[in-house]
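# Report on the structure
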Amino acid sequence: MGKGKYDFIDKEIIEKIEYYKSRGHRVPKLSMIKTPEQIEGIRASGVINTGVLDLVASEIHAGMTTLEIDKLVHDYTFDHGAVPAPLNYEGFPKSVCTSVNEVVCHGIPNEFEVLEEGDIINVDVSTIYKGYYSDASRMFVIGQAKPRVQKLVDVAREALKVGIQEAQPYAFLGNIGNAIETLARQHHFSVVTDFCGHGVGLEFHEEPEVEHVGTRGRGMLIVPGMVFTIEPMINMGVPDVFIDEEDGWTVVTEDEKPSAQWEHTIAITPDGNEILTY
Ligand code: MF3
Ligand code: CO
């Protein structure tokens, strides 16, 4: 037998994929399974990505502009031999997305946006290092937020956590969405469905889409070697969003109530998962 591109994939994994496919489940393409070397590359990218977020965490303060956050991200990333993935991505003009209060995601850093006491901000950092992509975001609370706003931030963080717990070999992507949706509903928050998590690693956005709502036992089979993000956007009010037509990027809640999001890049392992952006 000749040497094939996917010979690195264990026979057991191939057999399980065939089995679940025969039972009518959606299954991943073999191209969604990464080699150990590729995962090592994404892990190294993730180390820089986490370094960026740790730097932002140590520097962020009331009175700072979102453009200053962009400069921190830009300079740290290049100083570490990496490139910020957002920069020039489909025309995005900055190195990081900064999304304040009612901005859901894809906020563009700018010199006029000053962080104020009580604001919440999502800082979404994505890094390309030696060709490998990693992607993670955190929320930061400036000073003290109103209790219900702080709750939103906490539930969004918990939503990422319960989502990651469901990301197990031979489970289904629908389990992840279901866990997130269930948690959000318990707290009378809503889940944004216009944006998803995604495969990541060799490109910024790869297959599959990882929805943050779903049904247990439905959606694509999860197998070892898959690498994807989970990045639930949780809204205080309605789940509906619109895109600012001035800049074509900024995603805002329809009711202009606050939104919160946390994100990690994870790799599925034979016995669970590894967070590559810790
Ligand atoms: N970082 C976002 C994500 O989590 C994507 C941002 S695209 C950009 O998928 F162009 F706005 F940077
Ligand atoms: Co992402």
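Higher on the page you've got the structure.
Residues numbered from 1 in each chain as written. Chains lettered and ligands numbered in written order. Predicted model: local features only at pLDDT ≥ 70, side-chain atom pairs only at ≥ 80, totals over all residues. Heavy atoms only, no water.

Protein-derived coordination of the cobalt ion (ligand 2) comes from Asp135 (OD), His198 (NE2), Glu231 (OE) and Glu263 (OE), at a distance range of 2.1 to 2.2 Å. Relative to the metal, the six donor atoms surrounding the cobalt ion (ligand 2) lie at angles of 54 to 158°, and the coordination shape comes out irregular. (Donors = N, O, S within 2.8 Å, 3.2 Å for Na, K, Ca; no water. Tetrahedral: all angles 85-135°; square planar, octahedral: opposite > 155°, others 65-115°.)

Turning our eyes to something else, we now look at helix 5 (residues 173–186). Taking 1.5 Å per residue as the helical rise, helix 5 with its 14 residues ought to reach 20 Å, and the 21 Å between its terminal C-alpha atoms agrees with that figure. For helix 5, the tally of buried residues reaches ten of 14 residues, placing the bulk of the element in the interior. Those residues of helix 5 lying buried are Leu173, Gly174, Asn175, Ile176, Gly177, Ala179, Ile180, Glu181, Leu183 and Ala184. Looking at the buried residues of helix 5, the elements they touch are helix 4 (147–165), strand 6 (190–191), strand 8 (206–210), strand 9 (227–230) and strand 10 (233–235). Of the residues one or two after helix 5, His188 is the one with positive phi, at around 60°. (Helix = DSSP H or I, 4+ residues; strand = E, 2+ residues; numbered from the N terminus. Expected span 1.5 Å × (residues − 1). Buried < 20%, exposed > 50% of the residue type's maximum accessible area, 1.4 Å probe, protein only. Contact = heavy atoms within 4.5 Å.)

The next thing to look at is the sheet that holds strand 10. If you walk across this open sheet you meet the three strands as 6-10-13, and the pairing is antiparallel. Across the chains shown, the open sheet's two edge strands, defined by having one partner strand only, are strand 6 and strand 13 (259–261). Here strand 6 runs beside strand 10; their pairing, made up of two bridges, is antiparallel. In the sheet register, Ser190 faces strand 10, and the bridge partner there is Asn235. (Pairing = 2+ DSSP bridges.)

To continue, consider the site of ligand 1. What surrounds ligand 1 is a group of 14 residues, the closest being Asp124, His198, His205, Glu231 and Glu263. With respect to ligand 1, the side chain of Asp135 contributes an N or O atom lying 3.1 Å from an oxygen atom. When isolated, ligand 1 has an accessible area of 330 Å², and the protein chains bury 96% of it. Most atoms of ligand 1, that is more than half of them, are within 2 Å of grid points of the largest pocket. Residues belonging to the shell around ligand 1 are distributed by class as follows: six nonpolar, four polar and four charged. (Near = heavy atom within 4 Å. Polar contact = N/O pair within 3.5 Å; in protein donor to acceptor, adjacent residues only side chain to side chain. Areas by Shrake-Rupley, 256 points an atom, 1.4 Å probe, with all protein chains shown as cover. 1 Å grid on protein atoms, 1.4 Å probe; cavity = no way out; pocket = protein on both sides within 12 Å on 5 of 7 lines; lining within 4 Å. Sits in = over half its atoms within 2 Å of the grid points. Nonpolar A, V, L, I, M, F, W, Y, C, P; charged D, E, K, R; others polar.)

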